[in-house]
Amino acid sequence: MTEARKPFIPIARVELSDAEIEAAAAVLRSGRLVQGPQTEAFERRFAEVVGAKHAIATSSGTAALHVAYMALLEPGSDVLVPTFSHISTASMVHFAGCRPVLCDIDPRTFTLDLDDAERRLTPNTRAIVGVHLFGNACAIDEVLKFARAHGLRVVWDAAQAHGTRYRGRDVGSFPDLVCYSFYPTKNLFVGEGGMITTNDDELAERCRLLRSHGQTRKYEHPVLGFNYRLTEVEAAIGLKQLERLDERVRRRRENAAFLTERLSQLDGIQTPYVPEGVEHSYHQYSILVDPETLGRTRDELARALHEQGVGTGVHYPRPIHKQPAFERLLGEQHLPVSERVAERILSLPVHPALTRDDLERICTAVERAVHLRA
Ligand SMILES: Cc1ncc(COP(=O)(O)O)c(C=O)c1O
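Parameters and conventions
- Residues numbered from 1 in each chain as written.
- Predicted model: local features only at pLDDT ≥ 70, side-chain atom pairs only at ≥ 80, totals over all residues.
- Heavy atoms only, no water.
- Buried < 20%, exposed > 50% of the residue type's maximum accessible area, 1.4 Å probe, protein only.
- Helix = DSSP H or I, 4+ residues; strand = E, 2+ residues; numbered from the N terminus.
- Contact = heavy atoms within 4.5 Å.
- Axes fitted to C-alpha atoms, helices over the stretch in contact; angles between N-to-C directions.
- Left-handed = near helix turned anticlockwise from the far one by under 90°.
- Nonpolar A, V, L, I, M, F, W, Y, C, P; charged D, E, K, R; others polar.
- Near = heavy atom within 4 Å.
- Polar contact = N/O pair within 3.5 Å; in protein donor to acceptor, adjacent residues only side chain to side chain.
- Areas by Shrake-Rupley, 256 points an atom, 1.4 Å probe, with all protein chains shown as cover.
- Phe/Tyr/Trp six-rings, centres within 6.5 Å; stacked < 30°, edge-to-face > 60°.
- Salt bridge = Lys/Arg side-chain N within 4 Å of Asp/Glu carboxyl O.
- Domains from an automatic or database assignment.
- Buried area = accessible area lost by both parts, 1.4 Å probe.
- Pairing = 2+ DSSP bridges.

### Things to note about helix α4 (residues 87–95)
Of the positions making up α4, those classed as buried are Ser88, Thr89, Ala90, Ser91, Met92 and Val93. Against the buried residues of α4 lie α3 (61–72), β2 (78–82), β3 (99–103), β4 (125–131), β5 (153–157) and α12 (324–330). Just downstream of α4 lies Gly97, where phi reads positive at about 85°.

Rendered as structure tokens:
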């Protein structure tokens, strides 16, 4: 096949296995559609896989964050949140009645910059949020130490980090609360869905109550809550998909290693940086494009790749503090590292369905696009 006729390589590919489809169909046939044995089994198995005591399934990653913040925080608290993340990391702080204090990021890992966070502490700061962005891990030990020093609770946004490990442990096993998403492009996906993991019995109970109308028994509501329950169909898919999570993450790591070996040779391209002790799970493989060295911008590079049949993504084109909704809430702010990264970042395909030929084509397309201008 000539290059021109080869199929387009998408940035993500969502494929359920036959076993997952069969598991979902069996639930539909059973008529037990919500909060039943599939959800319980998925929670139990998920907790085992990440090495946490409890797992609480929710209807989305956004719902998981909302519940986690409400379980930990009194309204009116300030919460340190990296500005370079999905909007929900910060918007759910707002909907928990608290104020997100947006912080800048480290230019190499794209995760929270603790020095910047320290400068933004207020007498009202009660929590800090670490986002394991793209499947890289935050400096967990440093964040926990910082939290202890300043009396803060910790929420981890692991929506993109199923399978990420830090110093030999899964990121889902760290205190206080860890939130996952199972949106279709994620390393583990069910449709819409989420999970909270924790080792704290009391917090787990509070999360369970908040997830389901604060209900202890039918029509008994000692606290107020939401309907953030996962469906049984999604739980059945998730339970099955856990069986192939390791394999899918292993393939992502192999694909990333292939890309890094070739692309790190190119001036003007920064390949993902993985700190020592971190096993990245590559939800995204995101490079930084230096327009001065390359003679072309990130968007021009993306267009050149598209023309060669390679899909790309931009995560994220705007940091949270530059979103109009947050500018209205918090006023105008300047967080220079995040703003620079937002202009330069570009995600390349890394998903497990890529073939060796796809990987070759991605690298060749980047090399051509870079050399054309260099
Ligand atoms: C870092 C991060 N946090 C939170 C979320 C929200 O998850 P969901 O889409 O399942 O609500 C996402 C999803 O894209 C995410 O990437």
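We are not done yet, so read on.
### Thoughts on the packing of helix α2 (residues 37–50) against helix α8 (residues 232–242)
With their axes 8 Å apart at the nearest point, α2 and α8 run at an angle of 35° to one another. Crossing handedness for the pair α2 and α8: left-handed. Judged by residue contacts, Pro37, Gln38, Thr39, Ala41, Phe42, Arg45, Phe46 and Val49 of α2 engage Glu232, Ala235, Ala236, Gly238, Leu239 and Leu242 from α8. Taken together, the residues that form the contact of α2 with α8 break down as nine nonpolar, three polar and two charged.

### Some thoughts on the site of the ligand
Gly61, Thr62, Asp157, Gln160 and Ser181 are the nearest of the 15 residues found near the ligand. The side chain of Thr62 places a nitrogen or oxygen atom 2.5 Å from an oxygen atom of the ligand. In the complex, the protein chains occlude 91% of the 390 Å² of accessible area that the ligand would expose alone. For the shell around the ligand, the secondary structure elements donating two or more residues are α3 and α4. Ranked by the residues each element gives to the shell around the ligand, the list is headed by α3, at three residues. Here the residues of the shell around the ligand are counted per class, giving three nonpolar, ten polar and two charged.

### Comments concerning α8
Summarising burial for α8: eight of the eleven residues are buried, a large majority. Lining the buried residues of α8 we find α1 (18–30), α2 and α9 (245–263).

### Topic: the packing of aromatic side chains
By the definition in use, this model includes nine aromatic pairs. Here the aromatic rings of Phe46 and Phe182 are separated by 5.7 Å at their centres, their planes lie at 70°, and the arrangement is edge-to-face. Here Phe46, found in helix α2, pairs with Phe182, found in the loop between β8 (177–181) and β9 (194–198); they are 136 residues apart in sequence, far enough to count as distant. The exposure class assigned to Phe46 is buried, which follows from its relative accessible area of 2%. Seen in terms of ring centroids, Phe84 and Tyr316 are 5.9 Å apart; in terms of plane orientation they differ by 80°. Their pairing is edge-to-face. Of this pair, Phe84 sits in the loop between β2 and α4 while Tyr316 sits in the loop between α11 (298–307) and α12, and the two are 232 residues apart along the sequence. By relative accessible area, Phe84 is classed as buried at 1%.

### Quick notes on the pattern of salt bridges
Within this structure, the stated rule accounts for 25 salt bridges. For Glu220, the salt bridge goes to Arg217, with nearest N and O atoms at 3.5 Å. Overall, the relative accessible area of 37% leaves Glu220 in the partly exposed class. By relative accessible area, Arg217 is classed as exposed at 59%. Close ionic contact of Glu247 with Arg250 constitutes a salt bridge, the shortest N to O distance being 2.8 Å. One end of the pair is Glu247 and the other is Arg250, both in helix α9 and three residues apart, which spans about a single turn. Using a relative accessible area of 33% as the deciding quantity, one classes Glu247 as partly exposed. Salt bridges linked by common partners bring Glu247, Arg250, Arg251 and Glu254 together as one network.

### Concerning the domain arrangement of the protein
The domains assigned to the protein are domain 1 (18–242) and domain 2 (245–373). Using only C-alpha atoms to locate each centre, domain 1 and domain 2 end up separated by 25 Å. Each partner contributes residues to the interface: domain 1 has 42 residues there, and domain 2 has 36 residues. Summing the contributions of domain 1 and of domain 2, the shared interface buries around 3300 Å²; its carbon and sulfur component is 61%. Looking only at domain 1, the three residues that lose the most surface to domain 2 are Phe84, Phe134 and Asn187, adding up to 21% of its buried area. Note that Glu279 is salt-bridged to Arg165, the shortest N-O span being 3.9 Å. Between the two partners, domain 1 and domain 2, sit 19 residue pairs in polar contact (both at pLDDT 80 or more). Those elements giving two or more residues to the side of domain 1 that touches domain 2 turn out to be α4, β3, β6 (165–166) and α8. By residue class, the composition of the side of domain 1 that touches domain 2 is 18 nonpolar, 15 polar and nine charged.

### Looking at the sheet that holds strand β12 (residues 285–289)
The sheet built from three strands is open, its strands ordered β10-β12-β13 with antiparallel pairing. For this open sheet the edge positions go to β10 (269–270) and β13 (345–348), each flanked by a neighbour on one side alone. Two elements, β10 and β12, share two bridges in a ladder whose sense is antiparallel. Paired with Gln270 across the strands is Leu288, a residue of β12.

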